[in-house]
Amino acid sequence: MKHYTSIHDIDNIHAWIEEAKAIKANPLKNIDLGKNKTIGLLFFNSSLRTRLSTQKAALNLGMNPIVMNVSGDAWGIEFGDGTIMNGVTAEHIKEAAAVVSQYCDIIAVRAFPTLTDKAKDESEYVLRSFVKYASVPIVNMESATEHPLQGFTDAITISEYSKKTKPKVVLSWAPHVKALPHAVANSFTQAMQKMEVDLVITNPEGYDLNPDITGNTPIIHNQEEAFKDADFIYVKNWSSYSDYGKILNTDPNWMITKEKIGNAKFMHCLPVRRNLIVEDAVLDSDSSIVIQQANNRTYAAQLVLKKILETKEIR
Amino acid sequence: MKHYTSIHDIDNIHAWIEEAKAIKANPLKNIDLGKNKTIGLLFFNSSLRTRLSTQKAALNLGMNPIVMNVSGDAWGIEFGDGTIMNGVTAEHIKEAAAVVSQYCDIIAVRAFPTLTDKAKDESEYVLRSFVKYASVPIVNMESATEHPLQGFTDAITISEYSKKTKPKVVLSWAPHVKALPHAVANSFTQAMQKMEVDLVITNPEGYDLNPDITGNTPIIHNQEEAFKDADFIYVKNWSSYSDYGKILNTDPNWMITKEKIGNAKFMHCLPVRRNLIVEDAVLDSDSSIVIQQANNRTYAAQLVLKKILETKEIR
Amino acid sequence: MKHYTSIHDIDNIHAWIEEAKAIKANPLKNIDLGKNKTIGLLFFNSSLRTRLSTQKAALNLGMNPIVMNVSGDAWGIEFGDGTIMNGVTAEHIKEAAAVVSQYCDIIAVRAFPTLTDKAKDESEYVLRSFVKYASVPIVNMESATEHPLQGFTDAITISEYSKKTKPKVVLSWAPHVKALPHAVANSFTQAMQKMEVDLVITNPEGYDLNPDITGNTPIIHNQEEAFKDADFIYVKNWSSYSDYGKILNTDPNWMITKEKIGNAKFMHCLPVRRNLIVEDAVLDSDSSIVIQQANNRTYAAQLVLKKILETKEIR
């Protein structure tokens, strides 16, 4: 594997899940694999779990992580072609990506969408520019439209907690006060589409995700109906996709309650706003597996880094 | 030892001091103890000495330090119970502490007081929440009311420089332009109360520290009288405790001068404002042991981490 | 070698270049030299290449790098002698430098000029204060007037790409929208003056560099004439030195074009503003060796750190 930018980079999700579980059982087994190799973690946006778990994963492989907040530690990066750079950006991605490639064996990047310019966001210009101009493998730590480390983490977690051959998994929208990206919901959907699960998405009218991603997955606008007999309820807010980046609905009736979830396991990528997205009674109960889910972020990242390091073409 | 949050966590300060001196004489002796273990250093507030010395201590034990400025690198953390999180905080401490525990074997936290809400500060809600919701040991890198890594450092330093069985140690307030916390003064007082020293506190009227902490320690409002025959003069500004967080006095006569200190050793936790807290002539003379004191921060932290790592219950 | 603060600290640039090339051929040869030693990278200003390449160099020597943004992570540092510190600065360099020396075996510092106070900038008060008050070696990661890690990097790069006994090297000013420092141009000039090259500087009237640095090096105010038969064209903007820190000229005719450079190799320290300093056609062609130049930053820094570590007087 050269890059890991999408759930589509997973060739066989069941094999990957088994390998990730093996890593979890013995996380230091490959401590020599990344020895004297460096991973640069470049953050264009804030991070807690991704920042820590990716470092931990790299350390478990013996790598040296170097973390940088791009805007705060360096300066604005230009992505436009042919731009006369007489404004606020000080370095073009062509140089920045090529230069960081001189010092790091792998580059991991987080860059959120604008949520104002759909075409720009869908072009994935930040992530794609790194892939194009860097000379080393790129790992997506959440881009404009995808969060494949999270999506793979979620697949591992569902595999661990599933008691059925084909569990029912519901992805539910929940209300939020800020306009949020679609990346987590997209990658979760894509991961589940590769799994042996019965996937249903529920969200209010106007909040359907990108149909190119949801494909044949049923979308039900009635949350109660969607939740019926669910084994896993995966919750996430996102802003409207059709009325791009807008908040059309903040209906508190879409908040997840203990009553609603029944016997299902509650999942969320975190951070989660309590009593807005989900009530305390859910998060504080055994129905919630969000902490165990967060724990799997390390092993998802570690498998991805391991596969990249094992690829022969890497210097 | 599970956590290190207070001077009260030191069971035998004389034994600890001897052990810290042994570490100082041979700092790399336990380089394998923390191998492949990670310490997360979470800063809600600025830091120089604590940031560097705690990293150095961890490295001396073979640990991997991961440093995070919580607000700058991630987002606002919510500490309230039952809050409807529709404001500026994006993640609850219940999740944040539990999640960081998945990636770090020890969590060290710095979180200063509000200095406006005494009850809130004295509840130590940030530190206590980490202790409550994290599943790994917590180290206090200065909380609202205590700075026990500094207090233990000070005990080591006084032990090193003391030429008497029972030296006279004076903790003196000095003027400052900003309202400062009580943590350093509190932990110094608590550490000295465990030592074989003659402890006296001197400060202007209205600046007496929390009586639950000072206890039977004499408080003298006349600095000159307090300094008589002192062996160590430990200086620190703090805001009023009774008129909580207020600056009641900026009298330059309380500044420490060469003339005032006589043959005593001058100590301060740093950073220190020159010619406001203390005149140049003191800091630039052999009376000052502030740099040697700062050096001991490494060995104080290293002993604390060593004791935590040696505790069997740690994974 | 105790400190590396200037190109003048290079005793024999040809020997240094050969040694840097040997490191580049075998970067991990001295992985044990810096074992259990710590380098503190202190940034008063932004950085991308220097931040990453100096960390990489330290890691290649087995050192532990600790990175700190001084203002963001800690607080304002006071450099004045005798100052009554009742303003915004919270710690004096006397303490800060001495304290960091307790935790780090080497301190590397980046601190840009004011560009408003020539005397202050030329006093190099930040860098000189670290040299004066720290007890460990200091490495200059770009100071007010010098950037010797860059200058040495440039010398290595020219040596690698030179096909002649004495190549013609032109340092050319190019337009920019912000007032920039002279450090890169100064250190490049000083490095070339030690090399077997035919050095020419070209810039508009009013932009001559400090004559104490340029010395006998020819300065030509006609760029076309200067570029004739050039083997290397090194481009950099700087603000006026005589009319200190001012922007006197933004003439786009000084921008570097494909037509202008002919068969010369194009060099720049980066970050570079495209289509302001140099047109895309140059950077995107084989004439440009800016990425290879950036790569050499690691080996320049690694040789400097190696020489410091090998010096006996270091603890």
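So, how was this worked out
- Residues numbered from 1 in each chain as written.
- Chains lettered and ligands numbered in written order.
- Predicted model: local features only at pLDDT ≥ 70, side-chain atom pairs only at ≥ 80, totals over all residues.
- Heavy atoms only, no water.
- Buried < 20%, exposed > 50% of the residue type's maximum accessible area, 1.4 Å probe, protein only.
- Helix = DSSP H or I, 4+ residues; strand = E, 2+ residues; numbered from the N terminus.
- Pairing = 2+ DSSP bridges.
- Phe/Tyr/Trp six-rings, centres within 6.5 Å; stacked < 30°, edge-to-face > 60°.
- Lys NZ or Arg CZ within 6 Å of the ring centre and 35° of its normal.
- Contact = heavy atoms within 4.5 Å.
- Buried area = accessible area lost by both parts, 1.4 Å probe.
- Salt bridge = Lys/Arg side-chain N within 4 Å of Asp/Glu carboxyl O.
- Polar contact = N/O pair within 3.5 Å; in protein donor to acceptor, adjacent residues only side chain to side chain.
- Disulfide = S-S within 2.5 Å.
- Lys, Arg positive; Asp, Glu negative; His and termini not counted.
- Least-squares fit on C-alpha atoms with pLDDT ≥ 70 in both.
- Axes fitted to C-alpha atoms, helices over the stretch in contact; angles between N-to-C directions.
- Nonpolar A, V, L, I, M, F, W, Y, C, P; charged D, E, K, R; others polar.
- Domains from an automatic or database assignment.
- Parallel < 35°, antiparallel > 145°, perpendicular 65-115°, else oblique.

Engineer: Help me understand the pairing of strand S7 (residues 168–173) of chain B in this model?
Structural biologist: It is a general feature of regular strands that their side chains alternate between the two faces of the sheet. All names here are of chain B. The element S7 is largely enclosed, with a buried count of 6 among its 6 residues. The side-chain alternation of S7 yields two buried faces, one formed by Lys168, Val170 and Ser172 and the other by Val169, Leu171 and Trp173. Examined bridge by bridge, S7 and strand S8 (residues 198–202) share 5 bridges and lie parallel to one another. Paired with Leu171 across the strands is Ile201, a residue of S8. The sheet contact formed by S7 and strand S10 (residues 232–236) spans 5 bridges and is parallel. The residue bridging Val169 from the neighbouring strand is Phe232, located in S10.

Engineer: Quick question: what am I supposed to make of the packing of aromatic side chains here?
Structural biologist: Any aromatic ring pair is given by two values, namely how distant the centres are and how the planes are angled relative to each other. Under the criterion given, the structure shown has 27 aromatic pairs over all chains. Judged by centre distance (6.2 Å) and plane angle (70°), the ring pair of A:Phe44 and A:Phe130 falls under edge-to-face. Taken as a pair, A:Phe44 in the loop between strand S1 (38–43) and helix H2 (49–60) and A:Phe130 in helix H6 (residues 125–133) lie far apart in primary sequence, 86 residues in all. A centroid spacing of 4.6 Å and a plane angle of 45° characterise the contact between A:Trp173 and A:Tyr207, whose relative ring orientation is tilted. Remark: A:Tyr207 occurs in the loop between strand S8 (198–202) and helix H9 (211–214) and A:Trp173 occurs in strand S7 (residues 168–173); sequence separation between them is 34 residues. Feature note: the residues A:Phe44, A:Phe79, A:Tyr125 and A:Phe130 constitute an aromatic cluster, connected by ring pairs. Cation over ring: A:Arg51 sits above A:Phe43, and NZ or CZ is 4.5 Å from the ring centre. In this structure, C:Lys118 packs its charged tip against the face of C:Tyr241, placed 3.7 Å from the ring centre.

Engineer: For this particular structure, what's the right way to read the interface of chain B and chain A?
Structural biologist: Often the size quoted for an interface is simply the accessible area lost on bringing the parts together. On the chain A side, the residues contacting the 29 residues of chain B number 29 residues. Taken together, the two surfaces of chain B and chain A that pack against each other cover about 2,600 Å², and 59% of this comes from carbon and sulfur. Of all residues in chain B, the largest losses of buried area upon contact with chain A belong to B:Ile66, B:Glu95 and B:Tyr103, amounting jointly to 25% of the total for that side. The interface formed by chain B and chain A includes 5 salt bridges. Counting across the interface, chain B meets chain A through 13 residue pairs in polar contact (both at pLDDT 80 or more).

Engineer: Is there a simple way to explain the state of the cysteines in this structure?
Structural biologist: A covalent bond between the sulfur atoms of two cysteines is referred to as a disulfide. Using the criterion set out here, one finds 0 disulfides over all chains in the structure. Of all cysteine sulfurs, the one in B:Cys104 lies closest to A:Cys269, which takes part in no disulfide; the gap is 19 Å. We classify A:Cys269 as buried; its relative accessible area is 8%.

Engineer: So what exactly am I meant to see when it comes to the side chain of A:Arg273 here?
Structural biologist: By the secondary structure assignment, A:Arg273 is in the loop between strand S11 (265–267) and helix H12 (280–283). Look at A:Arg273: it is buried, it has no salt bridge, and the nearest opposite charge is B:Glu78 at 8.1 Å. Within the structure, A:Arg273 has its side chain in polar contact with the side chain of A:His176 (distance 3.3 Å). In terms of polar contacts, A:Arg273 uses its side chain to reach the backbone carbonyl oxygen of B:Met85, at 3.1 Å. In contact with A:Arg273, other than residues within four places in its own chain, are A:His176, A:Val177, A:Lys178, A:Val278, B:Met85, B:Asn86, B:Gly87, B:Val88, B:Thr89 and B:Ala90.

Engineer: So what exactly am I meant to see when it comes to the relation of the copies chain C and chain B here?
Structural biologist: The pair of chain copies shares a relation made of a rotation about an axis and a shift along it. Aligned on chain B, chain C shows an RMSD of 0.0 Å; the corresponding rotation is 120° and the shift along the axis is 0.0 Å. What the superposition gives is, in effect, a three-fold axis relating one chain to the other. Across chain C, the smallest distance between a C-alpha and the rotation axis is recorded for C:Gly72, namely 5.3 Å.

Engineer: Looking at this structure, I do not really get the pattern of salt bridges. What am I missing?
Structural biologist: A pair can form between side chains of opposite charge whenever their charged atoms are brought close. Following the criterion strictly, the structure yields 45 salt bridges over all chains and no others. Salt-bridge contacts for B:Asp73 lead to A:Arg51; the nearest nitrogen and oxygen are separated by 3.6 Å. On the criterion of chain membership, the pair formed by B:Asp73 in helix H3 (residues 70–73) and A:Arg51 in helix H2 is interchain, its members lying in two chains. Of the charged contacts, one joins C:Lys306 and C:Glu310 as a salt bridge, the two residues approaching to 3.0 Å between their closest N and O atoms. Pair noted here: C:Lys306 and C:Glu310 are both in helix H13 (residues 290–310), with a separation of 4 residues, about one helical turn. C:Lys306 gets classed as buried once you look at its relative accessible area, which sits at 10%. Salt bridges here are not isolated pairs; linked through shared partners, they connect A:Asp81, A:Lys94, A:Glu95, C:Arg274, C:Asp280 and C:Asp284.

Engineer: What's the story with the sheet that holds strand S6 (residues 138–140) of chain C in this structure? I'm lost.
Structural biologist: Remark on secondary structure: sheet strands pair via backbone hydrogen bonds, oriented parallel or antiparallel. Residue and element names in this part refer to chain C. Spatially, S2-S1-S5-S6 is the arrangement adopted by the 4 strands of the open sheet, whose pairing is parallel. Strand pairing shows two members of the sheet lacking a second neighbour, strand S2 (64–69) and S6, which therefore form its edges. For this sheet, the mean angle separating the axes of adjacent strands, direction not counted, is 20°.

Engineer: Help me understand the interface of chain C and chain B in this model?
Structural biologist: On the chain B side, the residues contacting the 29 residues of chain C number 29 residues. Viewed at the interface, chain B and chain C are joined by 5 salt bridges. In this structure, the salt-bridge partner of C:Glu95 is B:Arg274, at a minimum N-O distance of 2.7 Å. Those elements that provide at least two residues to the side of chain C that touches chain B are S2, helix H3 (70–73), strand S4 (91–92) and helix H4 (93–103) of chain C. Element by element, the count of residues in the side of chain C that touches chain B is highest for H4(C), at 8 residues. Residues of the side of chain C that touches chain B, tallied by class, amount to 13 nonpolar, 11 polar and 5 charged.

Engineer: Quick question: what am I supposed to make of the domain arrangement of chain A here?
Structural biologist: Residues and elements named next belong to chain A. Each domain of chain A was delimited in the assignment, giving domain 1 (7–146 + 296–310) and domain 2 (150–294). Contact residues are listed per partner, giving 28 residues for domain 1 and 33 residues for domain 2. Between domain 1 and domain 2 lies a buried interface of about 2,600 Å² when both sides are counted; carbon and sulfur atoms form 60% of it. Inspection of the domain 1/domain 2 interface yields 1 salt bridge. One salt bridge connects Lys24 with Glu160, and the closest N-O pair in it is separated by 2.8 Å. Where domain 1 touches domain 2, the interface holds 15 residue pairs in polar contact (both at pLDDT 80 or more). Of all the elements in the fold, those that place two or more residues in the side of domain 1 that touches domain 2 are helix H1 (13–25), helix H5 (118–122) and helix H13 (290–310). Per element, the largest residue contribution to the side of domain 1 that touches domain 2 is 7 residues, and it comes from H1. A class-by-class count of the residues in the side of domain 1 that touches domain 2 yields 11 nonpolar, 7 polar and 10 charged.

Engineer: Please explain the environment of B:Gly72 as it appears in this structure.
Structural biologist: Here B:Gly72 lies in helix H3. Put simply, B:Gly72 and B:Tyr299 are 227 residues apart on the chain and 29 Å apart in space, counted from C-alpha to C-alpha.

Engineer: Just checking my understanding: could you explain the packing of helix H1 (residues 13–25) of chain C against helix H7 (residues 148–161) of chain C for this structure?
Structural biologist: Residues and elements named next belong to chain C. Taken N-terminus to C-terminus, the directions of H1 and H7 make an angle of 80°; their axes are 10 Å apart at the nearest point. The pairing of H1 with H7 is recorded here as roughly perpendicular in orientation. Residue-level contacts link Ile13, Trp16, Ile17, Ala20, Lys21 and Lys24 of H1 to Phe152, Ala155, Ile156, Ser159 and Glu160 of H7. Among the residues forming the contact of H1 with H7, the class breakdown is 7 nonpolar, 1 polar and 3 charged.

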